Amino acid sequence: MNKVKITIVGAGYVGMSLAVLLAKHHEIKVLDIDKEKVQMINAKKSPLADKDIEEAFKKEDLNLFATADSLDAFVEADYIIIATPTHFEEDTNSFDSTSVETVIDIAMKENKKALIVIKSTVGIGFTESQASKHKTERIIFSPEFLREGKALHDNLNPSRLVIGGSENKLTISFSDIMKEAAINKEFDTLFMSYREAESVKLFSNTYLAMRVAFFNELDSFSMQNDMDSLNIIHGVSSDSRIGNYYNNPSFGYGGYCLPKDTKQLLADFKDTPQSLIKSIIESNEIRKQFISKKIQDIKANTIGIYRLIMKDGSDNFRASSVLSIIDSLKENGLEIVIYEPIINSSSYQEIPVIKELNSFIRTADIIIANRVTDELSEVKHKTFTRDIFNSDL
């Protein structure tokens, strides 16, 4: 395939995983307003804590540059991929897709040929409204299905490629570009309407949230009734129809996608009868309250929070379930310390942050860990976790 020029807007997990994926075959420009990220990318350093992306920057010959100048990024691009963040706004009960809309407006003005691919998660109907506004078929929606900390791996080994938009020369060419870059090329390309593709993204993440909530409620039941969650989960998951995956209990789902996507899907249901979608969101809140109560029942003098990040290998703790538990503990006047090396300041929300692990372990009477690592192997006796598959370190 001939080399093309691709601009990727947004240096987050989605944008950078795509940039590294495609820069082995094509000329890639990353556009981001964060000048520090731009400088890091141009210095051949990953702006994210992702082992695969960091390794690619060190070892791969990537045709990859970054800029904060939209004109420079858009004018000559053959493809413009938008991967800016969208946040769910409680006040409006919908995604704030302003960043996506702004990029589309500028891109359509500066470039009259490029296919504009929305990778940002948007509400159902957004892409259709943008295509109608600009009277074009050059805008499509193609969702990502990436795990945090495994974004590049999942792009190299996709489960499917979903394209919301017309099946034409441009969109087929885009699907060929994605297939060429993948290691595992045995995946289906599914063309469908804008709304159907947007629905695939939201329903996929809501199903995953439902699965997390299910096994968390199983775990709550086991704790309440003095049973071994691991035995029950093994017994349930041995059924091939259920499967032995995505079944490790936690303090609740969180992160970039699941909290906001479940809320957006619920908002998109509007007048459609439902109870399950709403229950998934409520179940997650109940789980966090349940865990908070269990921690308070321990009656420890100083509660240590081991990491705010969602999982090892990530630098994200946005909407982390641990944050809700911290809020609950603070409301009850409990003394808390946090161990989180990625925080530069000495406190977080007026809670002391200890950056030296041994000092943290000595200070905390009980250690609260959503996910445990080898670092806690010597203090299992005072670690509270529901990470049952890793709790026997």
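A. Highlighting the pattern of salt bridges. Within this structure, the stated rule accounts for 19 salt bridges. Across the salt bridge formed by E60 and K24, the nearest N and O atoms sit 3.8 Å from each other. Here the residue E60 occupies a position in the loop between helix 3 (51-59) and strand 3 (64-67), and K24 occupies one in the loop between helix 1 (13-22) and strand 2 (27-31), the gap between them amounting to 36 residues. Given the relative accessible area of 38%, E60 is considered partly exposed. Each of E101, D105 and K133 takes part in one network of salt bridges that share partners.

B. Layout of the environment of I163. Mapping I163 onto the fold places it in strand 9 (residues 160-164). In this structure the C-alpha to C-alpha distance between I163 and F141, which are 22 residues apart in sequence, comes to 6.0 Å. If near-sequence neighbours (up to four positions away) are discounted, I163 is found in contact with I140, F141, S142, T171, F174, S175, T189, L190, F191, M192 and A197.

C. View of the packing of helix 12 (residues 276-297) against helix 13 (residues 321-331). In contact at an axis separation of 9 Å, helix 12 and helix 13 are set at 50° when each is read in the N-to-C sense. In this view, helix 12 runs oblique relative to helix 13, as classed from their interaxial angle. Crossing of helix 12 against helix 13: the hand is right-handed. Contacts from K288, I291, S292, I295 and Q296 in helix 12 reach S321, S324, I325, S328 and L329 in helix 13.

D. Quick peek at the layout of surface pockets. Quantified by volume, the second largest pocket comes out at close to 340 Å³. At the level of secondary structure, the elements contributing two or more residues to the lining of the second largest pocket comprise strand 5 (87-89), helix 11 (258-269) and helix 12. Taken together, the residues that form the lining of the second largest pocket break down as six nonpolar, six polar and six charged.

E. View of the nonpolar core. Core analysis: the biggest nonpolar cluster contains 38 residues, and I6, L22, I28, V30, L64 and F174 have the highest contact counts within it. The element contributing the most residues to this core is helix 1, with seven residues. Ignoring anything within four residues of it in the chain, the contact list for F174 reads Y79, I81, L115, V117, K119, I140, S142 and I163.

F. Spatial organisation of the sheet that holds strand 15 (residues 366-368). Taken in spatial order, the four strands of this open sheet run 12-11-15-16, and their pairing is parallel. Every other strand in the sheet has two partners, leaving strand 12 (335-339) and strand 16 (383-384) as the edge strands with one partner each. Of the strand pairs in this sheet, strand 15 and strand 16 are connected by two bridges, and their pairing is parallel. Across the sheet, the residue bridging to I367 is T383, located in strand 16.

G. Molecular detail of helix 9 (residues 194-224). The end-to-end C-alpha distance of helix 9, which contains 31 residues, comes to 45 Å, matching closely the 45 Å that a straight helix rising 1.5 Å per residue would cover. Looking one or two residues beyond helix 9, the residue adopting positive phi is D226, at roughly 55°.

H. The packing of aromatic side chains, seen in detail. Counted by the stated rule, this structure contains eight aromatic pairs. On the basis of an interplanar angle of 35° and a centroid distance of 6.3 Å, the ring pair of Y79 and F174 is categorised as tilted. Of the two residues, Y79 sits in strand 4 (residues 79-82) while F174 sits in helix 8 (residues 169-181), which places them 95 residues apart along the sequence. Ring pairs connect the aromatic residues Y306, Y339 and F360, which therefore count as one cluster. Looking at K44, its charged tip hangs above the ring of F65, at a distance of 5.0 Å from the centre.

Conventions used here
Residues numbered from 1 in each chain as written. Predicted model: local features only at pLDDT ≥ 70, side-chain atom pairs only at ≥ 80, totals over all residues. Heavy atoms only, no water. Salt bridge = Lys/Arg side-chain N within 4 Å of Asp/Glu carboxyl O. Helix = DSSP H or I, 4+ residues; strand = E, 2+ residues; numbered from the N terminus. Buried < 20%, exposed > 50% of the residue type's maximum accessible area, 1.4 Å probe, protein only. Contact = heavy atoms within 4.5 Å. Axes fitted to C-alpha atoms, helices over the stretch in contact; angles between N-to-C directions. Parallel < 35°, antiparallel > 145°, perpendicular 65-115°, else oblique. Left-handed = near helix turned anticlockwise from the far one by under 90°. 1 Å grid on protein atoms, 1.4 Å probe; cavity = no way out; pocket = protein on both sides within 12 Å on 5 of 7 lines; lining within 4 Å. Points joined across faces, edges and corners; volume = space filled by probe spheres on them. Nonpolar A, V, L, I, M, F, W, Y, C, P; charged D, E, K, R; others polar. Core = buried A, V, L, I, M, F, W, Y, C linked by side-chain atoms within 4.5 Å. Pairing = 2+ DSSP bridges. Expected span 1.5 Å × (residues − 1). Phe/Tyr/Trp six-rings, centres within 6.5 Å; stacked < 30°, edge-to-face > 60°. Lys NZ or Arg CZ within 6 Å of the ring centre and 35° of its normal.

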